[in-house]
Amino acid sequence: MLDLHGYGPTIFTGAILTIEVAIFSLIVALVLGLLGAIAKLSHFTPLRLVATAYTTLIRGVPDLVLMLLIFYGAQIMMNSLSDWIYYQYDYDFYINIDEFVAGVATIGFIFGAYMSETFRGAFLAVDRGQIEAGIAYGMTKRQVFFRIMFPQMMRHALPGLSNNWLVLLKTTALVSLIGLTDMTRLAKEASAATREPFVFFIPVAIIYLLITILSEWGFKVIEKKYSAGVIKG
Amino acid sequence: MDWLVQLLDSNQIFTTSTVLHYWDGLVVTVQLVFISLIIGLVLSLPLAILRTHRNPWINRPIWAYTYVFRGTPLLIQLYLIYYGVTYIPGIQESVFWFIMKDALYPALLAFVLNTAAYTTEILRGAIVATPMGEIEAARAYGMNFSKTMRRIVLPSAFRRALPAYSNEVIFMLHASAIASTVTIIDLTGAAKDVYSQHYAPFEAFTFVGAIYLCLTFSILFLFKRLEKNLLAHLAER
């Protein structure tokens, strides 16, 4: 039997943390992605420019560099803010930058850019006539969005979404580098202590694979739901 | 050049020595990415052809290889190889130890295996998408398997694979940043050094981000040029 030298439960909690980071960043990314896509398709030029700059810049820089920039940069900004408040108001104020929040914010911020592109393409794929029909029925803009655009857009967005989710999941391994004790970091510490890297890294890799397999299956189910009424060729 | 030296000397963080440190990092990053992409591409070509083979004993193992390497984080693969090779029994006495004790080669191995897995799937998709009529025509001309591959299937498959492969190249460039976690001083490693020397995260990481951005855009530009030439028949008119 596999001997984990008593590290088994710890690595299990690390796996839970990995999943938490992944899910929270997915939520951030979905919200940012929707906002980004709407901004990119808006008729208001400054908004469109900001969204384009966001997606282009983020997708051109490695996630690790962004993560280090945001994590260490936010720390420094917090330091100078607390200094400033102390000198100005003589009040001691300090918030330590939490690794979990920094990790989730960074990954969410990065994948928001990828999601924007996915959603933008999906919105464009919705037939123009559908929107016109909604307007003809006297629906408000909000109603057209939630009743007509969104449900049909999801069908086109799902393949891209599932792809982004799988990449995001693998990117969560990087949070171990800014000090979060996810399963990658725990496996690294355990293998350094016991000098048996294979015993710890292979199970961690298998957990990642299992999550991948499960999510592929889950996306198939969701895809079936959103493709109701579509004839497959 | 004098003005440049003066400008750098009057700067607090971006002195001549830090700029040279970044330059060394850039060289390491470009080498790592370029070599792993070349070897990965060479490996993936036979793998992609075998992956389309009808016999499950041939295509299933290759599918398993690509699935595992595409389904686990590159960081884990890197750790596994970097920390793992030390503990392979007898490796420290063998000739391989001379190569493997340097961090560069385990990292290169991890990157090659990773990019080969992705490239195999990209090429397989392109090969499978070959219209059946083209292959039938080649058969009718009496071409054998290797001739059909060389003359008919691969030339058009490479063209079809080009847009997806440009994504893979950029992905590899960005993924190479994690080489800095195993003591390699690549671009990100250089930025980390500058950060810890001057405690200036914004300057250090924004600068390196800008370099990566330039590299990304150059790669995109090159591939756009290539696509324009090789995919001219698909262009909108």
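Rules used throughout
Residues numbered from 1 in each chain as written. Chains lettered and ligands numbered in written order. Predicted model: local features only at pLDDT ≥ 70, side-chain atom pairs only at ≥ 80, totals over all residues. Helix = DSSP H or I, 4+ residues; strand = E, 2+ residues; numbered from the N terminus. Buried ≥ 20, exposed ≤ 12 C-beta atoms within 10 Å, placed from the backbone. Contact = placed C-beta atoms within 7 Å. Nonpolar A, V, L, I, M, F, W, Y, C, P; charged D, E, K, R; others polar. Core = buried A, V, L, I, M, F, W, Y, C linked by C-beta atoms within 7 Å. Axes fitted to C-alpha atoms, helices over the stretch in contact; angles between N-to-C directions. Parallel < 35°, antiparallel > 145°, perpendicular 65-115°, else oblique. Left-handed = near helix turned anticlockwise from the far one by under 90°. pLDDT = per-residue confidence, 0-100.

Caption draft 1: Layout of the overall build of chain A. Regarding its fold elements, chain A presents eight helices and zero strands. Ordered by position from the N terminus, the helices and strands of chain A form the series α-α-α-α-α-α-α-α. In terms of its C-alpha atoms, chain A occupies a principal-axis envelope of roughly 65 × 60 × 30 Å. Going through the 233 residues of chain A one by one, you find that 36% of them count as buried. Relative to all contacts within chain A whose residues are 6 or more apart in sequence, the contacts with residues 24 or more apart total 75%.

Caption draft 2: Seen up close, the interface of chain A and chain B. Residue-level contacts link 28 residues of chain A with 28 residues of chain B. Counted by class, the side of chain A that touches chain B contains 19 nonpolar, five polar and four charged residues.

Caption draft 3: Highlighting the nonpolar core. Counting residues in each nonpolar core, the largest one holds 106 residues, and the members touching the most others are Val65 and Val204 of chain A together with Ile76, Leu78, Ala107 and Ala191 of chain B. Looking at this core, the element that brings in the most residues is helix H6 (residues 104–128) of chain B, giving twelve residues. The contacts of Ile76 of chain B, once residues within four sequence positions are left out, are Ala173, Thr184, Phe201, Val204, Ala205 and Tyr208 of chain A.

Caption draft 4: Examining the packing of helix H3 (residues 63–89) of chain A against helix H4 (residues 99–125) of chain A more closely. Residue and element names in this part refer to chain A. Direction vectors running N to C along H3 and H4 enclose 135°, while the axes themselves pass 10 Å from each other. In terms of axis orientation, H3 runs oblique to H4. For the crossing formed where H3 meets H4, the hand is right-handed. Facing H3, whose interface residues are Asp63, Leu66, Met67, Ile70, Phe71 and Ala74, H4 presents Ala102, Ala105, Thr106 and Ile110. Of the residues assigned to the contact of H3 with H4, the class counts are eight nonpolar, one polar and one charged.

Caption draft 5: A look at the confidence of the model for chain B. Averaged over all residues, the pLDDT of chain B is 88; the fraction at 70 or higher stands at 95%. The complex model carries a pTM of 0.88, and its ipTM stands at 0.86.

Caption draft 6: Looking closely at the packing of helix H2 (residues 45–60) of chain A against H4 of chain A. All names here are of chain A. Taken N-terminus to C-terminus, the directions of H2 and H4 make an angle of 120°; their axes are 9 Å apart at the nearest point. By the angle class used here, H2 and H4 are oblique. As H2 runs across H4, the sense of the crossing is left-handed. Contacts between H2 and H4 pair Ala51, Tyr54, Thr55, Ile58 and Arg59 from the former with Ile110, Ala113, Tyr114, Ser116 and Glu117 from the latter. Broken down by class, the residue content of the contact of H2 with H4 amounts to six nonpolar, two polar and two charged.

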